[in-house]
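# Structural characterization, general
This is what each chain is made of:
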4 protein chains.
Amino acid sequence: MNIKKGEKRQQILDSAVAVFAEKGFYNAKVTDIAHKAGVAHGTVYLYFQTKEDILIQIFEEKFEELVSYIFMEVGVEHNALAKLRRLILIQLQMVETNPELTELMLLEARQSSKFILSSAISKIGDYCDKIEGILKEGIEEGLVRPDLDLTVASTMLYSGIEGIATRWMLENKHYNLNLCAEQLIQLFIGGIRNLP
Amino acid sequence: MNIKKGEKRQQILDSAVAVFAEKGFYNAKVTDIAHKAGVAHGTVYLYFQTKEDILIQIFEEKFEELVSYIFMEVGVEHNALAKLRRLILIQLQMVETNPELTELMLLEARQSSKFILSSAISKIGDYCDKIEGILKEGIEEGLVRPDLDLTVASTMLYSGIEGIATRWMLENKHYNLNLCAEQLIQLFIGGIRNLP
Amino acid sequence: MNIKKGEKRQQILDSAVAVFAEKGFYNAKVTDIAHKAGVAHGTVYLYFQTKEDILIQIFEEKFEELVSYIFMEVGVEHNALAKLRRLILIQLQMVETNPELTELMLLEARQSSKFILSSAISKIGDYCDKIEGILKEGIEEGLVRPDLDLTVASTMLYSGIEGIATRWMLENKHYNLNLCAEQLIQLFIGGIRNLP
Amino acid sequence: MNIKKGEKRQQILDSAVAVFAEKGFYNAKVTDIAHKAGVAHGTVYLYFQTKEDILIQIFEEKFEELVSYIFMEVGVEHNALAKLRRLILIQLQMVETNPELTELMLLEARQSSKFILSSAISKIGDYCDKIEGILKEGIEEGLVRPDLDLTVASTMLYSGIEGIATRWMLENKHYNLNLCAEQLIQLFIGGIRNLP
DNA sequence: TATGAATGAGAGTTCATTCAT
DNA sequence: GATGAATGAACTCTCATTCAT
């Protein structure tokens, strides 16, 4: 019973990701989401309070998953620069692997005012904090210059990845995102590296 | 008559900037815009085709103004790195000077699908192209490393500025944006500089 | 322009009386009201805030009219008992003349909680106060017994008329309401008269 | 099993009385009723056909109880006037004893069209018939004037009690209902009494 | 018997857009 | 050019009712 309930919720959430990504939050109809999930539209309201709530839940849960996956992978590496490299690579790979979710995160995350003020900020903030953690390690390791402003650096990295991904999506994915990742890595690491 | 017409159009456009920035595109009512401009809502339709058209026009004209202003200022400098420094400084200053317009550009620009596919991409693309132009100059001047991917670099710069600005706005402007600008400059220039 | 605006409002109000009377407040659709008034349903919302607001306005305005008409007629008479007789006669005549409005007053007035607590109580209260005024006159004239509780008497008169009318309507109007009026007059006046 | 069934049915019926009285028929949710009765909402449909059916059953059974209780008490008295006096007193006492049920009877009874046309009329009609019976006795006893219209008189008595009770409830029960009862008795009996 | 997840008809309301004045 | 009354498509959300378990 419990599993079933969770399953239907997941179906709706997944459908919502797809529909929001395709049409945008405001142009997405609850009926579309329900239809895609194979349920009646009333059913959506058994699991979510409002349409906006669906977006919030997506962000809460999916972003969470994303971040924990990334940092699990990142944890394999043994120094800060390698970790950052990995982080960038993985995140951009996800854009290819899971384009709908990424599109939603990048393009739609900013739409609903309520949403912006609630979870989105804190989630992105948390993510940037984790990046800052890596940067701090890098400073301790002597690999990153100690005068670096961690907030600015982490924000720039997050936004830079976002920007590259957004552009790639909007330009119809006609070039190799992995190469961009390498360039981004060089650029960012060049900017933060501790030079002798 | 022509001047007058232009004036009323401008009033509406300016009001729209304010209203879109405050409420977001989808939550902004045409009536609000008209009211703020001191005209009847029917009047809006004498100057613009649809609500979306207003957003497009804002982007077309206001972004144009922004970019040409920035590059006028940037033109004063005599080498690529100084130009980039200037560009970053000016653009972040504008976030403070003209927060509504900037907010609109950063947060709302991505909302309307029609819009995304029409002018926004090309305008941002144009802007990035100009940044690429500066980077190219830098390579020619020997200040920027020649293996730099210009697209990635320009996108990252644009997005990085955007990200810093967005975060600053969402975090209620409680810290000094100029200091961030300096950090951003160091980070970016560090990443692209040609090292001996 | 002003007249026109008022006219359309009246059309909607009149249609609402008919529709509410026919279907009851909760079963009446705003579309029905609009259709009967010959306007689009959106138009209703130019004149009234919500469906409930329509009911409130009806009560406010129509009851007002009713009461002032009744007391105008009643004013012709020169002693309290004659006035009461007239009041009963006129009010029951109105049930025949204006059945929809009366039905609404009698059957629907009590439906919306918001409504009950706002205007309806006070309107009926006002009406009963006026009846009490007549009773007071009657006491001064020596026609009504001075120990009569005016509140109870006025309430009973109001409710009695209401009850007779309601029953008449529910029993499909198959008997003569005027005869009932006479009986009601005798009964009530018998109960309040000052006996030597 | 039979007893149990009856018990659960009663629980639901009692909860419905409370919920309908509190929220009104149309604003009451079947879920609320079920919850208050400590059962699942599906269970309600094992005992009642529709939400409206619950109201009808309440009326059928509860009104029945009320009426039979009243006439049991009334039967103690030995002449018509005493019986009427008792009837009025008891009925108004019930308003204080059992306010929810009374409120339902007085305020909500008129809401559902189906209901009005089915049981409510006949139940009230039956009650009025019984009052008429007492009045007839009164005429035979020479206590009530023989020219009295029994229908009008019984209706007026019923409505008068209803009106007094309704007003008392709507005015937050801030005065003594027993005193009103005495006044009502005097007024009504004064109106019907056979005078020498 | 009892449950409660699922349904889906249906309502109120909003607001971009039109057009007669 | 300017107005703002009127429109009606379209949407979100509710809740009585059903039915598989």
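### Quick notes on the state of the cysteines
Considering all chains together, one arrives at zero disulfides over all chains under this definition. C180 of chain B provides the cysteine sulfur closest to C128 of chain A, a residue in no disulfide bond, and the two sulfurs are 13 Å apart. Judged by its relative accessible area of 2%, C128 of chain A falls in the buried class.

### A closer look at the interface of chain A and chain B
Taken together, the contacts link 38 residues of chain A with 38 residues of chain B. In total, about 3,400 Å² of surface goes out of reach between chain A and chain B, with carbon and sulfur atoms giving 64% of it. Inspection of the chain A/chain B interface yields zero salt bridges. Elements with a minimum of two residues in the side of chain A that touches chain B: α6 (99-108), α7 (113-140), α8 (150-170) and α9 (177-192) of chain A. In terms of residue count, the dominant contributor to the side of chain A that touches chain B is α8 of chain A (14 residues). Residue composition of the side of chain A that touches chain B, by class: 19 nonpolar, 13 polar and six charged.

### What to know about the protein's contact with DNA strand E
What surrounds DNA strand E is a group of 31 residues, the closest being H41, T43 and Y47 of chain A together with T43 and Y47 of chain D. The protein-proximal atoms of DNA strand E, defined as those within 4 Å of the protein, are 65% sugar or phosphate. In the model, a phosphate oxygen of DNA strand E is placed 3.0 Å from a nitrogen or oxygen of the K8 of chain A side chain. Contact distances for DNA strand E include 3.5 Å between a base nitrogen and a backbone N or O atom of G42 of chain A. Sorting the residues of the surface near DNA strand E by element identifies α3 (41-47) of chain A, α3 (41-47) of chain B, α3 (41-47) of chain C together with α1 (2-23) and α3 (41-47) of chain D as the ones contributing at least two each. When grouped by side-chain class, the residues that make up the surface near DNA strand E number 14 nonpolar, 10 polar and seven charged.

### What to know about empty space enclosed by the protein
All names here are of chain D. The full count for this structure, using the stated rule, is nine cavities of 30 Å³ or more. Its boundaries defined by the atoms lining it, the second largest cavity holds a volume of some 170 Å³. Surrounding the second largest cavity, 17 residues form its lining, L66, Q91, T102, M105 and L106 being those nearest its centre. Contributing elements (two or more residues each) for the lining of the second largest cavity: α4 (51-74), α5 (80-97), α6 (99-108) and α8 (150-170). Residue composition of the lining of the second largest cavity, by class: 13 nonpolar, three polar and one charged.

### A short note on the side chain of S159 of chain D
Residue and element names in this part refer to chain D. Tracing the backbone shows S159 in helix α8. The exposure class assigned to S159 is buried, which follows from its relative accessible area of 5%. A distance of 2.7 Å separates a polar side-chain atom of S159 from the backbone oxygen of T155.

### Examining the packing of aromatic side chains
Applying the stated criterion to the full structure yields 26 aromatic pairs over all chains. Ring geometry for Y26 of chain C against Y26 of chain D: centres 4.6 Å apart, planes inclined by 15°, an arrangement best described as stacked. With Y26 of chain C in the loop between α1 (2-23) and α2 (30-37) and Y26 of chain D in the loop between α1 and α2 (30-37), this residue pair bridges two chains. For Y26 of chain C, a relative accessible area of 23% gives the class partly exposed. Between F59 of chain D and F63 of chain D the ring centres are 5.1 Å apart and the planes differ by 15°, which places this aromatic pair in the stacked class. Here F59 of chain D and its partner F63 of chain D are both found in helix α4, four residues apart, which amounts to about one turn of the helix. Summarising the burial analysis for this pair, F59 of chain D and F63 of chain D share the class buried. One aromatic cluster is present, formed by F20, F25 and Y26 of chain A together with F20, F25 and Y26 of chain B through successive ring pairs. One residue, K51 of chain C, lies across the ring of F25 of chain C, its end atom 4.8 Å from the ring centre.

### Description of the nonpolar core
Grouped burial of nonpolar side chains is what soluble globular proteins tend to show. Ranked by internal contacts, the top residues of the largest apolar core, which has 134 residues, are F20, L87 and L92 of chain C together with F20, L87 and L92 of chain D. Apart from the residues within four sequence positions on either side, L87 of chain C is in contact with I70, F71, V74, Y127, I131, I134, L157 and I161 of chain C. Of all hydrophobic cores here, the second largest spans 133 residues; its members include I58 of chain A together with F20, A37 and L101 of chain B.

### Quick look at the domain arrangement of chain A
Residues and elements named next belong to chain A. Here chain A is described as being made up of domain 1 (1-48) and domain 2 (51-192). Each of domain 1 and domain 2 has a C-alpha centre, and the two are 26 Å apart. Between domain 1 and domain 2 the total buried area reaches about 1,600 Å² when both faces are included, carbon and sulfur atoms providing 68% of it. Summed over the three residues of domain 1 that lose the most area to domain 2, namely V17, F20 and F25, the buried surface amounts to 37% of that side.

### Digging into the interface of chain D and chain C
With 38 residues of chain D in contact, the opposing surface of chain C contributes 38 residues. Roughly 3,400 Å² is buried in total at the junction of chain D and chain C, and carbon and sulfur atoms are behind 64% of that figure. Seen at the junction of chain D and chain C, the total is zero salt bridges. Counting across the chain D and chain C interface gives eight residue pairs in polar contact (both at pLDDT 80 or more). The set of elements that each furnish at least two residues to the side of chain D that touches chain C consists of α6, α7 (113-140), α8 and α9 (177-192) of chain D. Grouping the amino acids of the side of chain D that touches chain C by side-chain chemistry returns 19 nonpolar, 13 polar and six charged.

What counts, and at which threshold
Residues numbered from 1 in each chain as written. Chains lettered and ligands numbered in written order. Predicted model: local features only at pLDDT ≥ 70, side-chain atom pairs only at ≥ 80, totals over all residues. Heavy atoms only, no water. Disulfide = S-S within 2.5 Å. Buried < 20%, exposed > 50% of the residue type's maximum accessible area, 1.4 Å probe, protein only. Contact = heavy atoms within 4.5 Å. Buried area = accessible area lost by both parts, 1.4 Å probe. Salt bridge = Lys/Arg side-chain N within 4 Å of Asp/Glu carboxyl O. Helix = DSSP H or I, 4+ residues; strand = E, 2+ residues; numbered from the N terminus. Nonpolar A, V, L, I, M, F, W, Y, C, P; charged D, E, K, R; others polar. Near = heavy atom within 4 Å. Polar contact = N/O pair within 3.5 Å; in protein donor to acceptor, adjacent residues only side chain to side chain. 1 Å grid on protein atoms, 1.4 Å probe; cavity = no way out; pocket = protein on both sides within 12 Å on 5 of 7 lines; lining within 4 Å. Points joined across faces, edges and corners; volume = space filled by probe spheres on them. Phe/Tyr/Trp six-rings, centres within 6.5 Å; stacked < 30°, edge-to-face > 60°. Lys NZ or Arg CZ within 6 Å of the ring centre and 35° of its normal. Core = buried A, V, L, I, M, F, W, Y, C linked by side-chain atoms within 4.5 Å. Domains from an automatic or database assignment.

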